[in-house]
Amino acid sequence: MDRPTIHRLDEATVARIAAGEVITRPARVVAELVDNALDAGAERIAITVEGDGTDLIRVADDGCGLARADVERAIERHATSKLPAQTETDLTGVSTLGFRGEALAAIADCATLEIVTSDGDAVGTKLRVDDKVAVSNAGRAQGTTVTVTDLFADRPARRESLAAAAAEFGRISELLARYALAQPDVRFSLTHNGNETFSTSGSGLQDALLGIYDAETASRSTTIYHGTTLDDAGGSDLAVHGICCYPSVTRSTRDHVRISVGGRPVTDIGLRQAVLRGYGSLLAGNKYPIAAIDIDPPAGTVDPNVHPAKEEVRLTAREAIEMAVETAVSEALQTADARRTDTATTDLETELAAVDRSDPFGEIRVIGPFRDLYLLCEDGDELLIIDQHAAHERVNYERLRAAVADEGIPTAPIEPPETVSVDPAAAAAAESHADLLAELGFEVTPFGGSSLRVSGVPAPLGRVADTDALVETLGQLAAGHQPNDSRDELLADLACHPSLKAGDRLTMDEAEQLLDRLGECEQPFVCPHGRPTVCSLDESTLAAGFERGSTRFR
Ligand code: ADP
Ligand code: MG
């Protein structure tokens with residue numbers, strides 16, 4: 001990387017910089033220093049934190065370093081090497097993470113700052129800023145180490161506003177998880193109070209997941225690549241990269257869906273929603289996936305200068321980009337080959353893995369029922385165990401969805417109409433979502449107070465809902481669920497009604513038919529409520545369990 005020199009931005013450009021305080025908490029210091037290391041082309045970034053970060057934050061990189069002449073300029077306000085020295089630079093086109101020349105100046109303002117750096121010259125430079133600026137020689141391999149101590153020491157109000165140490169460190173740790181996933185080719189390590197809390201190997205997204213989570217999580221993931229052309233951005237190209245865990249790996253919050261734009265971690269509700277839509281009905285209602293998506297939109301369609309902490313960006317072809325993300329995720333999940341990659345252990349319980357993979361069933365042979373609840377099948381070197389209720393639900397759900405897409409949801413009349421009393425929030429939801437309810441096949445009229453008169457219920461493919469389904473749907477709408485989710489959940493519940501139950505014994509013919517139908521499903525490996533339909537046990541697991549030296553054919 002060539003080393004442009006640092007200069008002051010012209011006033012016109014400075015005036016256009018999104019205003020706001022740059023350093024508000026320790027995690028912001030880390031973000032700015034990591035941005036700088038990445039902009040310097042670092043392949044390895046080591047972060048050290050003491051306490052809540054106000055005691056010490058150190059970021060060491062192996063990037064291009066700074067020449068002696070540039071170090072002092074680097075800490076001036078609005079001095080940067082990242083924008084050309086011309087007037088009124090267009091900030092929409094910047095490809096570096098930093099561009100405002102503010103961070104080092106802002107940090108030096110509210111903490112003690114020390115920079116040790118070398119651009120590869122025999123003698124490096126150390127610069128220390130507390131009350132005064134001191135420059136001296138220093139020995140260092142090429143790269144830069146920035147150490148920030150006594151953050152907010154003379155700003156009691158800022159210090160007061162910080163959360164407990166564990167929470168401030170938690171923010172730093174989450175921030176670095178986001179960088180590690182946005183920049184999977186860079187090695188990151190984080191050390192807190194002397195202990196390494198995580199590190200990544202810089203060898204791709206799966207390894208980044210491994211560093212942040214564990215081997216099990218990383219092995220149950222699939223990487224994504226999706227390229228597309230954006231018509232609304234003049235026919236330019238958009239690339240979507242990322243990694244998605246299979247739907248069997250879930251969390252109870254959305255925080256594990258991480259988004260970056262051109263390698264910059266951002267908070268973007270719209271793109272996060274697009275990822276969740278990509279998972280669609282694969283997840284149960286209150287479960288969220290683990291995923292990291294980086295989008296690389298065409299030059300000139302991203303404005304990073306809309307947020308003081310650069311945590312948000314403005315996208316010009318947003319709608320098309322969200323669509324591309326949704327498609328990328330759902331395609332990746334549909335074609336994923338999720339065969340487990342773990343080595344076999346003798347622990348049968350942990351070896352029983354939910355199946356989600358691309359080719360449904362090859363030459364599958366039904367062995368027979370187990371406890372009239374599961375079907376055991378042979379599929380190559382795997383023993384498949386199929387939950388017949390979950391499998392049947394999946395088949396029913398997809399049939400219902402197809403029928404509804406073709407013809408809408410038909411209504412079955414209730415005669416005489418039933419009166420249902422609901423809570424006030426549900427009654428309000430019935431009024432404000434009247435159109436949606438009609439579309440779902442409910443015929444509902446207010447009946448005074450919080451009572452509703454129900455004269456018709458949805459009955460797609462002869463599956464008649466009951467008034468409980470209405471109460472449930474209203475509950476979801478009142479809780480703020482999207483109409484689309486409510487519709488999917490209604491269909492999922494209807495799919496459940498007449499599905500096979502535990503204790504229904506299937507004949508061999510029926511079992512084979514069920515498998516054929518399941519194999520034709522778009523998403524055969526999860527039931528509409530997000531539970532697995534098929535688990536598999538590898539022959540090698542049995543071999544290990546029985547202490548056999550090899551499997552049957554090896
Ligand atoms: P910005 O990143 O917006 O340019 P900063 O105040 O963060 O502003 O940094 C000022 C300048 O100092 C940068 O433009 C860069 O030239 C130099 N610099 C900062 N950190 C590093 C680093 N880790 N390695 C090399 N150069 C750096
Ligand atoms: Mg910077």
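Residues numbered from 1 in each chain as written. Chains lettered and ligands numbered in written order. Predicted model: local features only at pLDDT ≥ 70, side-chain atom pairs only at ≥ 80, totals over all residues. Heavy atoms only, no water.

The tally for this structure, following the rule as stated, stands at 17 salt bridges. Close ionic contact of Asp70 with Arg73 constitutes a salt bridge, the shortest N to O distance being 3.7 Å. Of this pair, Asp70 and Arg73 both sit in helix α3 (residues 68-74), three residues apart, which is roughly one turn of that helix. Classification of Asp70 as buried rests on a relative accessible area of 7%. The class of Arg73 is partly exposed, set by a relative accessible area of 31%. Salt-bridge contacts for Arg220 lead to Glu216; the nearest nitrogen and oxygen are separated by 2.7 Å. Residues joined in a network through salt bridges with shared partners are Glu114, Lys126, Arg128 and Asp130. (Salt bridge = Lys/Arg side-chain N within 4 Å of Asp/Glu carboxyl O. Helix = DSSP H or I, 4+ residues; strand = E, 2+ residues; numbered from the N terminus. Buried < 20%, exposed > 50% of the residue type's maximum accessible area, 1.4 Å probe, protein only.)

Take the packing of helix α2 (residues 26-39) against helix α6 (residues 165-182) next. Contact geometry of α2 with α6 gives a least axis separation of 9 Å together with a crossing angle of 25°. Classed by the angle they form, the pair α2 and α6 counts as roughly parallel. For the pair α2 and α6, the sense of crossing is right-handed. Residues Pro26, Ala27, Val30, Ala31, Val34, Asp35 and Leu38 of α2 lie in contact with α6, whose contacting residues are Glu168, Arg171, Ile172, Leu175, Leu176 and Tyr179. The residue makeup of the contact of α2 with α6, split by class, is 10 nonpolar, no polar and three charged. (Axes fitted to C-alpha atoms, helices over the stretch in contact; angles between N-to-C directions. Parallel < 35°, antiparallel > 145°, perpendicular 65-115°, else oblique. Left-handed = near helix turned anticlockwise from the far one by under 90°. Contact = heavy atoms within 4.5 Å. Nonpolar A, V, L, I, M, F, W, Y, C, P; charged D, E, K, R; others polar.)

Turning to the packing of helix α13 (residues 424-432) against helix α15 (residues 467-478), a few remarks are in order. Between α13 and α15, the least distance of the axes is 8 Å, while the angle of their chain directions is 90°. In terms of orientation, α13 lies roughly perpendicular with respect to α15. For the pair formed by α13 and α15, the contact residues are Ala425, Ala426, Ala429 and Ala430 on the first element and Leu474, Leu477 and Ala478 on the second. In terms of residue class, the contact of α13 with α15 is built from seven nonpolar, no polar and no charged.

Here Gln476 is to be found in helix α15. At a separation of 2.6 Å, a polar atom in the side chain of Gln476 contacts the side chain of Glu489. Look past the residues within four positions of Gln476 in its chain and what remains in contact with it is His481, Asp485, Ser486 and Glu489. (Polar contact = N/O pair within 3.5 Å; in protein donor to acceptor, adjacent residues only side chain to side chain.)

Let us now look at helix α4 (residues 103-110). By the criterion of burial, α4 is predominantly enclosed, with seven of the eight residues buried. Those residues of α4 that sit buried are Ala103, Leu104, Ala105, Ala106, Ile107, Ala108 and Cys110.

Once that is clear, we can look at helix α16 (residues 483-496). Between its terminal C-alpha atoms α16 stretches 20 Å, which fits the 20 Å expected from 14 residues at 1.5 Å a residue. Buried within α16 we find Ser486, Leu490, Leu491, Ala492, Leu494 and Ala495. Contact partners of the buried residues in α16: α12 (388-407), α14 (434-440), β24 (451-458) and α15. (Expected span 1.5 Å × (residues − 1).)

On to unusual backbone geometry. Outside of glycine, negative phi angles account for most residues, and trans bonds account for most peptide bonds. With an omega of -10°, the peptide bond running from Glu415 to Pro416 counts as cis. Among the structural elements, Pro416 can be located in strand β22 (residues 411-421). In the Ramachandran plot, Asp372 falls in the positive-phi region, its phi being about 50° despite a non-glycine side chain. Along the chain, the position of Asp372 falls in the loop between β19 (364-370) and β20 (374-379).

This part covers the site of ligand 1. Taken together, 19 residues sit near ligand 1, with Asn36, Thr80, Ser81, Lys82 and Gly101 positioned nearest. Here Ser81 contributes a side-chain N or O atom positioned 2.5 Å from an oxygen atom of ligand 1. The contact in question runs from an oxygen atom of ligand 1 to an N or O atom on the backbone of Ala103, over 3.2 Å. Protein chains bury 95% of the 530 Å² of accessible surface belonging to ligand 1 in isolation. Those elements that place two or more of their residues in the shell around ligand 1 are β4 (79-80) and α4. (Near = heavy atom within 4 Å. Areas by Shrake-Rupley, 256 points an atom, 1.4 Å probe, with all protein chains shown as cover.)

Here the focus is the sheet that holds strand β15 (residues 291-296). The sheet built from five strands is open, its strands ordered β11-β12-β15-β13-β14 with mixed pairing. Each edge of the open sheet is held by one strand with a lone partner, namely β11 (221-230) and β14 (264-266). Averaged over all pairs of adjacent strands, the angle between strand axes in this sheet comes to 20°, irrespective of strand direction. By the bridge criterion, three bridges tie strand β13 (residues 257-261) to β14 in an arrangement that is antiparallel. Bridge assignment links Val261 to a residue of β14, and that residue is Arg264. Where α6 meets the sheet, its contacts fall on β13, β14 and β15, and the angle it forms with β13 comes to roughly 60°. (Pairing = 2+ DSSP bridges.)

Let us now look at a negative patch on the surface. Negative charge collects at one region of the surface, where Asp509, Glu510, Glu512, Asp516 and Glu520 lie side by side. By secondary structure assignment, the location of Asp516 is in helix α17 (residues 508-520). (Patch = residues over 30% accessible without salt bridge, like charges linked within 9 Å, V, L, I, M, F, W, Y side chains within 5 Å. Lys, Arg positive; Asp, Glu negative; His and termini not counted. Charge placed at Lys NZ, Arg CZ, Asp CG, Glu CD.)

Attention shifts here to the packing of aromatic side chains. Applying the stated criterion across every chain yields a total of one aromatic pair. Between the aromatic rings of Phe370 and Tyr374, the centroid separation amounts to 6.4 Å while the plane-to-plane angle is 25°, which identifies the pairing as stacked. For Tyr374, a relative accessible area of 30% translates into the label partly exposed. (Phe/Tyr/Trp six-rings, centres within 6.5 Å; stacked < 30°, edge-to-face > 60°.)

What follows concerns the sheet that holds β24. On the basis of which strands lie adjacent, the open sheet formed by three strands has the order β22-β24-β23 and antiparallel pairing. Every other strand in the sheet has two partners, leaving β22 and β23 (443-446) as the edge strands with one partner each. Recorded for the sheet is a direction-independent mean angle of 15° between the axes of neighbouring strands. With four bridges connecting them, β23 and β24 associate as antiparallel partners. From the neighbouring strand, Pro446 faces β24, where its bridge partner is Leu452.

Let us look at the environment of Glu50. Turning to its location among the elements, Glu50 is positioned in strand β2 (residues 44-50). Taking the C-alpha atoms as reference points, Glu50 and Thr191, 141 residues apart in sequence, are found 8.4 Å from one another. If we ignore the near neighbours within four places in the chain, the residues touching Glu50 are Asp55, Leu56, Asn193 and Gly194.

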